[in-house]
Each structure stands twice: as C-alpha cells, then as structure tokens.
Amino acid sequence: MTKDELAKYCNSELAKLDSITDNIFSVATTGKTEFTVIELAAMSAFIHYFYAAVENIIRKILKFDGISEQSEENAHQKLLKTAGELGIIPPDLFQPLSNLLAFRNAFVLTQTENAGWTELSPLVSELEGFRKHFRQEVIEYLAVVDNE
C-alpha cells in the first residue's frame with residue numbers, strides 16, 4: 001500500500017465519520033432529552049458504526065507501518081493499546097476511544113437493548129470533539145509518514 005492509497009482510504013473513512021456524526025446529531029438535537037426506542041437504537045447503531053470507522057483507520061495505519069493485526073480474543077483492546085503506545089492515538093483521545101470500544105462491545109453482545117439517553121449522552125457529547133481531534137491526528141500522521 002502506498003502513502004497515497006493510505007491517504008485515500010483514511011479520507012474515505014473520515015468522511016464516514018462526518019456522515020455518521022451528522023446522522024447522530026440529526027436525532028440527538030441540542031436540548032432534547034426524551035427519545036423513542038427507535039431513536040435510541042439508531043443512535044446506538046451509529047455509535048457502533050462510528051467506532052468501527054475509527055478502528056478501520058487505526059488498522060490501516062498499523063498495517064501501513066508494518067504492524068500485524070491482532071487476531072486474539074482481546075484484539076480490539078490490543079489494537080487500541082498498540083495505537084496508543086505508538087502515538088497513533090494520543091493520550092487525550094485514548095479514554096474517549098476506550099469508552100466507545102466499551103459501548104461497541106456491549107452493543108455487539110446486545111447488552112445495549114435497554115440503553116437509554118443516560119447511557120448514550122456521555123458518548124454523544126464527546127463525539128464532535130473526538131471526531132475533530134482524531135481527524136487532526138490522522139492528517140498529521142499522513143503528513144509525516146514515509147511512502148513505502
């Protein structure tokens with residue numbers, strides 16, 4: 001994979017993050033605190049998709065850097081740990097990303113079927129700041145990474 005191919009991939013996934021965030025905020029409008037079950041399910045699914053797009057970017061960057069993907073039971077946690085240790089994920093993004101991973105794990109195990117706004121609100125409130133900061137980190141990485 002070339003640097004240009006990596007950049008195109010990352011830009012595509014970053015565009016997905018923008019779209020997903022817009023979808024979440026089309027439901028979770030400012031000041032709204034009561035949601036239907038369908039709205040909560042939609043936000044839960046979009047938060048899961050958001051995390052998946054972030055993880056896809058991290059995986060491609062690690063692969064580009066020659067770091068093999070984990071296939072163990074705790075692969076998602078190890079992926080974040082590796083990305084944090086290598087500075088791909090800075091310390092201030094690690095905790096919000098860990099929160100998204102915890103939600104993703106619960107979502108996959110269908111433990112979020114009763115998730116209400118109380119559980120989703122902290123995640124939703126962090127999304128915009130996280131998205132912007134993560135985008136900046138990816139752009140900075142792409143600016144300094146060597147071409148293979």
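As the structure is a prediction and not an experimental result, all values here were calculated from the model.

The rules behind each value
- Residues numbered from 1 in each chain as written.
- Predicted model: local features only at pLDDT ≥ 70, side-chain atom pairs only at ≥ 80, totals over all residues.
- Heavy atoms only, no water.
- pLDDT = per-residue confidence, 0-100.
- Helix = DSSP H or I, 4+ residues; strand = E, 2+ residues; numbered from the N terminus.
- Salt bridge = Lys/Arg side-chain N within 4 Å of Asp/Glu carboxyl O.
- Buried < 20%, exposed > 50% of the residue type's maximum accessible area, 1.4 Å probe, protein only.

*Asks:* Give a detailed account of the confidence of the model for the protein chain, specifying residues and quantitative values.
*Replies:* With 93% of its residues at a pLDDT of 70 or more, the protein chain has an overall mean of 88. By mean pLDDT, helix 3 (residues 75-85) is the weakest element of the protein chain at 87, and helix 1 (residues 3-27) is the strongest at 95.

*Asks:* Pulling in residues and values, what's your account of the pattern of salt bridges?
*Replies:* As enumerated under the stated definition, the model contains 8 salt bridges in all. For Lys 16, the salt bridge identified is with Glu 13, shortest N-O distance 2.9 Å. Taken together, the residues span about one helical turn, with Lys 16 and Glu 13 both in helix 1 at a distance of 3 residues. Residue classification places Lys 16 among the partly exposed positions, given a relative accessible area of 41%. Its relative accessible area of 4% is what places Glu 13 among the buried residues. Among the ionic pairs, Arg 131 bridges to Asp 18, the shortest N-O distance being 2.5 Å. Here the residue Arg 131 occupies a position in helix 5 (residues 117-144), and Asp 18 occupies one in helix 1, the gap between them amounting to 113 residues. By relative accessible area, which is 23% here, Asp 18 ends up partly exposed. Among the charged side chains, a salt-bridge network with shared partners connects Asp 18, Glu 128, Arg 131, Lys 132 and Arg 135.

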